[in-house]
Amino acid sequence: MAPMTLQGWIAEYSAQGMEGEVWRIFQDRNHAQSREGGWALTGMHCLQTGQELTILAEDGAILWTGSIAPTRSGWLGWRTLHPRDPNWTPPEIPLEQWQSWFQASPPLAAVLKYPDAAVNSM
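Quick summary incoming for the structure in this document. (Residues numbered from 1 in each chain as written. Predicted model: local features only at pLDDT ≥ 70, side-chain atom pairs only at ≥ 80, totals over all residues. Heavy atoms only, no water.)

### Let's talk about the pattern of salt bridges
Line of reasoning, step 1. Scanning all chains against the criterion turns up two salt bridges.
Line of reasoning, step 2. Salt-bridge contacts for E12 lead to R24; the nearest nitrogen and oxygen are separated by 3.5 Å. Here the residue E12 occupies a position in strand 1 (residues 4-13), and R24 occupies one in strand 2 (residues 23-28), the gap between them amounting to 12 residues.
Line of reasoning, step 3. Judged by relative accessible area, which is 10%, R24 ranks as buried.
Line of reasoning, step 4. Residues E58 and R35 are paired through a salt bridge, measuring 2.4 Å at the closest nitrogen-oxygen approach. Here R35 lies in the loop between strand 2 and strand 3 (44-46) and E58 lies in the loop between strand 4 (52-56) and strand 5 (62-67), a separation of 23 residues in the sequence.
Line of reasoning, step 5. Residue R35 is classed as partly exposed on the basis of its relative accessible area, which comes to 25%. (Salt bridge = Lys/Arg side-chain N within 4 Å of Asp/Glu carboxyl O. Helix = DSSP H or I, 4+ residues; strand = E, 2+ residues; numbered from the N terminus. Buried < 20%, exposed > 50% of the residue type's maximum accessible area, 1.4 Å probe, protein only.)

Given below as structure tokens:
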């Protein structure tokens, strides 16, 4: 079966009751009123292992494309960072750069591919 491909935007998301936790999400454009607002929870997808994400600049150039996968981090001892961890970033991208893409205003366009038809939205 072909991967499910979604078009939309990336952003940081937090809601009352999340106690300061911030998720980096992909918003499916089919569940949004516009790029800047009216996003429905049914269209929000948390970054998860196995997804393929492409982040696009304003001019359509690819800023990053790759598969979401856990990484290892640590100074004294290694620990595994999963995509929902606020310190997770692809190994080749500095955390500050990764965060800036998800904090961009207006949100940056992106493409999200799932390895199968099982879409896990929020």
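### Observations concerning the side chain of Q27
Line of reasoning, step 1. Mapped onto the secondary structure, Q27 falls in strand 2.
Line of reasoning, step 2. Reaching out from Q27, the side chain makes a polar contact with the backbone oxygen of H31 at a distance of 2.9 Å.
Line of reasoning, step 3. The contact partners of Q27, leaving out residues within four places of it in the chain, are Q7, G8, W9, A32, W39, A40, G43 and M44. (Polar contact = N/O pair within 3.5 Å; in protein donor to acceptor, adjacent residues only side chain to side chain. Contact = heavy atoms within 4.5 Å.)

### With respect to the packing of aromatic side chains
Line of reasoning, step 1. What the rule picks out here adds up to six aromatic pairs.
Line of reasoning, step 2. With a centroid separation of 5.2 Å and 55 degrees between ring planes, the pair formed by W98 and F102 is classed as tilted. Taken together, the residues W98 and F102, both in helix 1 (residues 95-103) and four residues apart, mark about one turn of the helix. Taken individually, W98 and F102 each receive the classification buried, so the pair is uniform in this respect.
Line of reasoning, step 3. Among the aromatic residues, those joined into a cluster by ring pairs are W64, W88, W98, W101 and F102.
Line of reasoning, step 4. Across the ring face of W23, the terminal group of R84 is positioned such that the distance to the ring centre comes to 4.7 Å. (Phe/Tyr/Trp six-rings, centres within 6.5 Å; stacked < 30°, edge-to-face > 60°. Lys NZ or Arg CZ within 6 Å of the ring centre and 35° of its normal.)

### Looking at unusual backbone geometry
Line of reasoning, step 1. The omega torsion across S105 and P106 is 0 degrees, close enough to zero to call that bond cis.
Line of reasoning, step 2. Position of P106 relative to the elements: it lies in the loop between helix 1 and strand 8 (109-114).

### A word on the environment of M44
Line of reasoning, step 1. By the element assignment, M44 lies in strand 3.
Line of reasoning, step 2. A relative accessible area of 6% places M44 in the buried class.
Line of reasoning, step 3. Through-space distance from the C-alpha of M44 to that of R29 is 9.5 Å; in sequence the pair is 15 residues apart.

### Notes on the sheet that holds strand 3
Line of reasoning, step 1. Pairing within the open sheet is antiparallel, and its six strands lie in the order 3-2-1-8-4-5. Only two strands of the sheet have a single partner each, and these edge strands are strand 3 and strand 5. Put simply, the sheet's adjacent strands are angled 30 degrees from each other on average, direction ignored.
Line of reasoning, step 2. By the bridge criterion, six bridges tie strand 1 to strand 8 in an arrangement that is antiparallel. Note on strand 8: the bridge partner recorded for L6 is L112.
Line of reasoning, step 3. Seen against the sheet, helix 1 touches strand 1, strand 2, strand 4 and strand 5 and runs at an angle of roughly 105 degrees to strand 1. (Pairing = 2+ DSSP bridges. Axes fitted to C-alpha atoms, helices over the stretch in contact; angles between N-to-C directions.)

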